[in-house]
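# Examining the three-dimensional arrangement
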Amino acid sequence: DGGITQSPKYLFRKEGQNVTLSCEQNLNHDAMYWYRQDPGQGLRLIYYSQIVNDFQKGDIAEGYSVSREKKESFPLTVTSAQKNPTAFYLCASSMGGFSNQPQHFGDGTRLSIL
Amino acid sequence: GEDVEQSLFLSVREGDSSVINCTYTDSSSTYLYWYKQEPGAGLQLLTYIFSNMDMKQDQRLTVLLNKKDKHLSLRIADTQTGDSAIYFCAGGGNTGKLIFGQGTTLQVKP
């Protein structure tokens, strides 16, 4: 089945540690996105990529980094500079990189601080 | 800036209709979307409407768009307990990015 796979489902971070969240899609979509969701809030865009080897900062990029070396993969690293990383992280993809294409989401990764 | 707003909570009885409302500020949105999120899961695309349409019906779902008032609604007919979830509306901003509302929690009582 085509879809978006995020792993792991749960992740724990120690102080001063970088952690990487995986996102893989087999939908042959060009664009991929990372969002952060906090309780009672909507989704906030962290980073997005419209094409391989290119990505742009979203609204809350500080403390995060990404790479897009392959079309299928868009990993997100939460660095130690992100002081409040506890949240639910959602990866999405779409055929094109604009809002006239619906975005399809993975099942999310819940990150907590140890 | 661009903004999308929704009421936070709606409670209905099983079998009733639910209407979830959304207002947006950016009139340049080409499409407007409704997503459903169940506990601990990602967002599932429910339906979407093109900005030159007033209404779209898809089985139990009806989307109404009032462009003049920048108001979007999602009606769920014959609401079931399985419809209990958080519902997000989203529209495209003039930057091309999707802007999401805060989400409406729908509670369906048996």
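What comes next concerns the included structure.

What counts and how
Residues numbered from 1 in each chain as written. Chains lettered and ligands numbered in written order. Predicted model: local features only at pLDDT ≥ 70, side-chain atom pairs only at ≥ 80, totals over all residues. Heavy atoms only, no water. 1 Å grid on protein atoms, 1.4 Å probe; cavity = no way out; pocket = protein on both sides within 12 Å on 5 of 7 lines; lining within 4 Å. Points joined across faces, edges and corners; volume = space filled by probe spheres on them. Nonpolar A, V, L, I, M, F, W, Y, C, P; charged D, E, K, R; others polar. Helix = DSSP H or I, 4+ residues; strand = E, 2+ residues; numbered from the N terminus. Pairing = 2+ DSSP bridges. Axes fitted to C-alpha atoms, helices over the stretch in contact; angles between N-to-C directions. Core = buried A, V, L, I, M, F, W, Y, C linked by side-chain atoms within 4.5 Å. Buried < 20%, exposed > 50% of the residue type's maximum accessible area, 1.4 Å probe, protein only. Contact = heavy atoms within 4.5 Å. Polar contact = N/O pair within 3.5 Å; in protein donor to acceptor, adjacent residues only side chain to side chain.

### Comments concerning empty space enclosed by the protein
Residues and elements named next belong to chain B. Summed over the entire model, instances satisfying the criterion amount to one cavity of 30 Å³ or more. Taken as a whole, the largest cavity spans an internal volume of roughly 50 Å³. Lining of the largest cavity is provided by 10 residues; of these, Val4, Asp26, Ser29, Gly91 and Gly92 occupy positions nearest its centre. Here the lining of the largest cavity is composed, by residue class, of three nonpolar, four polar and three charged.

### Here we look at the layout of surface pockets
The computed volume of the largest pocket comes to approximately 350 Å³. Taken together, 22 residues line the largest pocket, and the ones lying closest to its centre are A:Gln37, A:Pro39, A:Gly40, B:Gln37 and B:Ile86. Those elements giving two or more residues to the lining of the largest pocket turn out to be strand 9 (87–94) and strand 11 (109–113) of chain A together with strand 9 (85–92) of chain B. The element best represented in the lining of the largest pocket is strand 9 of chain B, accounting for three residues.

### Points about the pairing of strand 5 (residues 43–51) of chain A
Successive residues of a regular strand alternate their side chains across the two faces of the sheet. Residue and element names in this part refer to chain A. As paired strands, strand 4 (residues 31–37) and strand 5 are joined by six bridges and run antiparallel to one another. Within strand 5, the residue paired with Arg36 across the bridge is Arg44. Taken together, strand 4 and the strand that follows it, strand 5, pair antiparallel across an intervening segment of five residues, in which Gly40 is found at a positive phi of about 70 degrees. Hairpin geometry of strand 5 and strand 6 (residues 54–57) is characterised by an intervening segment of two residues between the two adjacent antiparallel strands and by a positive phi of about 65 degrees at Asn53.

### Side note on the sheet that holds strand 1 (residues 4–7) of chain A
Residues and elements named next belong to chain A. Strand order in this open sheet of four strands is 1-3-8-7, and the pairing throughout is antiparallel. In this open sheet, the two edge strands, each paired with only one partner strand, are strand 1 and strand 7 (64–66). Strand-to-strand, the axes of this sheet are offset by a mean angle of 20 degrees, without reference to chain direction.

### Some details on the nonpolar core
Counting residues in hydrophobic clusters, the biggest one holds 21 residues, and the most contacted among them are B:Trp34, B:Leu72, B:Leu74 and B:Tyr87. Sorting the residues of this core by element identifies strand 3 (18–24), strand 4 (31–37), strand 5 (43–50), strand 7 (61–66), strand 8 (71–76), strand 9 and strand 11 (104–109) of chain B as the ones contributing at least two each. Leave out the neighbours within four places in its chain, and B:Leu74 touches B:Ser18, B:Val19, B:Ile20, B:Trp34, B:Leu46, B:Thr47, B:Leu61, B:Thr62, B:Val63 and B:Tyr87. Counting 20 residues, the second largest nonpolar core, distinct from the first, contains A:Leu11, A:Leu76, A:Cys91 and A:Leu111.

### Points about the side chain of A:Ser49
All names here are of chain A. Among the secondary structure elements, Ser49 is positioned in strand 5. Within the structure, the side chain of Ser49 is placed 3.0 Å from the backbone oxygen of Ile51, a separation counted as a polar contact. Here Asp54 takes part through its backbone oxygen, which lies 2.6 Å from a polar atom of the side chain of Ser49. Residues in contact with Ser49, not counting those within four places in the same chain, are Asp30, Ala31, Met32, Asp54, Phe55, Arg68 and Phe74.

In short, geometric facts, not functional conclusions.
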